[in-house]
Protein chains: 2
Amino acid sequence: MNDVKQTIAFRLGTLGALMQDRFAARIEAYDLKPKHVGLMAALRGGATAASQQDLAARLGVAPSLVVALADHLERLGAVERVRDPDDRRRQTLTLTERGAALLHDCAAAAAELDDEITASLPESERLALRDTLGRLAAGAGLPH
Amino acid sequence: MNDVKQTIAFRLGTLGALMQDRFAARIEAYDLKPKHVGLMAALRGGATAASQQDLAARLGVAPSLVVALADHLERLGAVERVRDPDDRRRQTLTLTERGAALLHDCAAAAAELDDEITASLPESERLALRDTLGRLAAGAGLPH
DNA sequence: TATTGTTATACTCTATAACTATA
DNA sequence: TATAGTTATAGAGTATAACAATA
């Protein structure tokens, strides 16, 4: 391999940036950005109610960013902060019904985007791609 | 599909961000960032010597960013700016020998990263992934 | 007047560090 | 003293807009 542009790493980087931009454009109407969706998805996927520090570690971002994201989501009525009575320093975030609805809409937007970008691919290749990407995400320790 | 995290769009976004970070860490020693590599690769791939505006359009970034990237690469001796005698407003960028060597090293770094992230994948799946990503990039109008 | 490259400026994103309250 | 969350601050990255040179 002597062409950078043909490596998996480089292509994932450029395609990823493009996908993030396009996804961001699609969810802009909901006043959400990809990171907000990531946080909401982590809340739904999480087995137990998550503290903000837990979430920061899970998403691989700074705790202060979780604060900003949670502030925004709370203003939208998508999440609720509840003080843990056992340890009053702790706040657990939970997804509201409205949050679940928003998340559902975002998932639909992402699925539409999937159809759009993979339109020229045969169905089998499309499924294989999703499968492989999932395995890579799992291997890299990303939420999946 | 009712889970955002399992969509191709979302996975490409998160994996892409991760790959870009890891690639950036590997080429930091050369005093380069992924965008610099993208510019150099565009220069080598381009059939004709490219003006800075051409490059901006090809890479999908603002012209002012090309100036900053080219400034940096020029300081490293990786590219040369040559005034077009036919139209003295124009400056064509060309890759120097040193630039080609740097690009080669970056390609090697990207290939290593490929091996690392796809270590757990069977060879056939790995090849299929590279192929599919190339097709997606082509379909999205990205340099490939 | 239009276009190329450049410079100046501003904005977005995110991390680091300081601070508050609880433990 | 240590920890959860928050706030304040700063830096990177990049775009927009103003500007200079050339056409």
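Let me sum up the structure you'll find in this document. (Residues numbered from 1 in each chain as written. Chains lettered and ligands numbered in written order. Predicted model: local features only at pLDDT ≥ 70, side-chain atom pairs only at ≥ 80, totals over all residues. Heavy atoms only, no water.)

**Examining the sheet that holds strand β3 (residues 91-95) of chain B**
All names here are of chain B.
Here's step 1: If you trace the 3 strands from one edge of the open sheet to the other, you get β1-β3-β2, paired in antiparallel fashion. The open sheet has two edge strands with one neighbour each: β1 (50-51) and β2 (79-83).
Here's step 2: Two strands pair when backbone bridges link them, and β2 and β3 are joined in this way by 5 bridges, in the antiparallel orientation. Paired with E80 across the strands is T94, a residue of β3.
Here's step 3: Contacting β2 and β3, helix α4 (residues 63-75) runs over the sheet at an angle of about 115° to β2. (Pairing = 2+ DSSP bridges. Helix = DSSP H or I, 4+ residues; strand = E, 2+ residues; numbered from the N terminus. Contact = heavy atoms within 4.5 Å. Axes fitted to C-alpha atoms, helices over the stretch in contact; angles between N-to-C directions.)

**Examining the packing of helix α1 (residues 8-27) of chain A against helix α6 (residues 123-139) of chain B**
Here's step 1: Put simply, α1 of chain A and α6 of chain B touch, their axes get as near as 10 Å, and they point 40° apart. Overall, the two elements α1 of chain A and α6 of chain B adopt an arrangement that is oblique. Considering only the axes of α1 of chain A and α6 of chain B, their crossing is left-handed. Counted together, I8, R11, L12 and L15 of chain A of α1 of chain A and R126, L129, R130, L133, G134, L136 and A137 of chain B of α6 of chain B form the full contact between these two elements. (Parallel < 35°, antiparallel > 145°, perpendicular 65-115°, else oblique. Left-handed = near helix turned anticlockwise from the far one by under 90°.)

**What to know about the environment of D84 of chain B**
Residue and element names in this part refer to chain B.
Here's step 1: Note that D84 resides in the loop between β2 and β3.
Here's step 2: For D84 and S51, which are 33 residues apart along the polypeptide, the C-alpha to C-alpha distance reads 9.1 Å.
Here's step 3: Within polar-contact distance, the side chain of D84 engages the backbone nitrogen of D86 at 2.8 Å. (Polar contact = N/O pair within 3.5 Å; in protein donor to acceptor, adjacent residues only side chain to side chain.)

**Observations concerning helix α1 (residues 8-27) of chain B**
Here's step 1: The terminal C-alpha atoms of α1 of chain B lie 27 Å apart, and with 20 residues this matches the ideal 28 Å at 1.5 Å per residue to within 8%.
Here's step 2: What α1 of chain B keeps buried is the set I8, A9, F10, R11, L12, G13, L15, G16, M19, F23 and I27 of chain B. (Expected span 1.5 Å × (residues − 1). Buried < 20%, exposed > 50% of the residue type's maximum accessible area, 1.4 Å probe, protein only.)

**Focus on the relation of the copies chain B and chain A**
Here's step 1: Mapping chain B onto chain A calls for a rotation angle of 180° and an axial translation of 0.0 Å; the resulting RMSD is 0.1 Å. Accordingly, the operation relating the two chain copies is best matched by a two-fold axis. Closest approach to the rotation axis within chain B is made by the C-alpha atom of G16 of chain B, at a distance of 2.1 Å.
Here's step 2: The fraction of interface residues of chain B whose copies in chain A are also interface residues reaches 100%, indicating that both copies meet through the same surface. (Least-squares fit on C-alpha atoms with pLDDT ≥ 70 in both.)

Functional significance is not addressed by these values, which are geometric in nature.
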